[in-house]
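Chain by chain, the residues run as shown.
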Amino acid sequence: MYSVKQLSLLALVLAQLLAGIQCGVYDNTDNWVLGDKTKNFPENAVLGGFDPTGYNLYVARTVSGSNILPARVVAETRVGTFNTDTAVNTATSYELLVSNATLSYQWVRSYDGYREKNAVSVGTNATNDQVFICRARSDSGQIIGTLYLAQKKCYVRYGTLSLKTFDKYEVLVREQKIVNWIPYDN
Ligand SMILES: *[C@@H]1O[C@H](CO)[C@@H](O)[C@H](O)[C@H]1NC(C)=O
Ligand SMILES: *[C@@H]1O[C@H](CO)[C@@H](O)[C@H](O)[C@H]1NC(C)=O
């Protein structure tokens, strides 16, 4: 049995360890659903572009190390991939962005890391910076990438293609619809 003193010491050590490690935190402003191959692809998943072979790419997010990063998913294969400012990877699990009756999404032209109003954030990265979703025309596709605000660039790397950076790109923004309430009649 551990004594109370030993346990509180252990808790202290753990707390210090956690404080030292910055961990990506998910942003919960929008609705994200866990990708599940056994279920139908969500009807209201948000379209983000298409890959060089013509498959549609849907907006998703994933965790990589201590970073929450944007991802893109092909509905037909359910394969999700993402890229950092250097590498491209397959996501072992991901969450798909879905719209609803009051929240919809649009791509707006942007440049140089300009902070667009209502830009969709996937969460934070290892250095506690918010991470945003961008897309650009690249290698005859329109590919969802990662917006590094500090570098003022959209980074896109897909499949075996080489890394590309864009200082002009599109950013995903949220649009909130006003629900028209039926007036109460008395
Ligand atoms: C849409 O999602 C937002 C965020 O979760 C929620 O606040 C809102 O109530 C939802 N709208 C509808 C009509 O379900
Ligand atoms: C976190 O995001 C910032 C801002 O975009 C970027 O400069 C930094 O390199 C990122 N850190 C990591 C570990 O990805």
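The structure contained in this document is the topic of the report that follows. A quick note: this is a predicted structure, and the numbers were derived from the prediction, not measured. Position numbers for residues start from 1 in each chain and track the written sequence from start to end. Each chain gets a letter, beginning with A, and each ligand a number, beginning with 1, in the order they are written. Where totals are concerned, whole chains, interfaces and linings use all residues; where local detail is concerned, this predicted model gives features only for residues with pLDDT of at least 70, and gives and counts side-chain atom pairs only at 80 or more.

## Section: the overall build of the protein chain
Rules: The helix count covers DSSP runs of H or I at least four residues long, the strand count covers runs of E at least two residues long, and both are numbered beginning at the N terminus. Around each residue's C-beta, the other C-beta atoms within 10 Å are counted; 20 or more make the residue buried, 12 or fewer make it exposed, and counts in between make it partly exposed. All C-beta atoms are placed from the backbone. Whether two residues are in contact is decided by their C-beta atoms, placed from the backbone, lying within 7 Å.
When helices and strands are tallied, the protein chain shows one helix and 14 strands. Counting all 186 residues of the protein chain, 32% fall into the buried class. In the protein chain, of all internal contacts separated by at least 6 residues, the share reaching a separation of at least 24 is 60%.

## With respect to the site of ligand 1
Filter applied, for reference: Throughout this description, a residue near a molecule or strand is one whose C-beta atom, derived from the backbone, lies within 6 Å of it. Lys, Arg, Asp and Glu make up the charged group, whereas Ala, Val, Leu, Ile, Met, Phe, Trp, Tyr, Cys and Pro make up the nonpolar group; the residues left over, Gly among them, are polar.
Near ligand 1 the following residues occur: Asn31, Asn100, Ala101, Thr102 and Leu103. Tallied by class, the residues present in the shell around ligand 1 amount to two nonpolar, three polar and no charged.

## Structural notes on the site of ligand 2
Around ligand 2 sit Asn67, Asn125, Ala126, Thr127, Asp129, Tyr148, Leu149, Ala150 and Gln151, and those are all the residues in its vicinity. By residue class, the composition of the shell around ligand 2 is four nonpolar, four polar and one charged.

## Description of unusual backbone geometry
For arginine 78, which is not a glycine, the phi torsion comes out positive at approximately 65°. Following the sequence through the fold, arginine 78 ends up in the loop between β4 (67-73) and β5 (80-83). One non-glycine residue, serine 140, lies in the positive phi region at around 55°. Since 10 C-beta atoms lie within 10 Å of it, serine 140 is described here as exposed.

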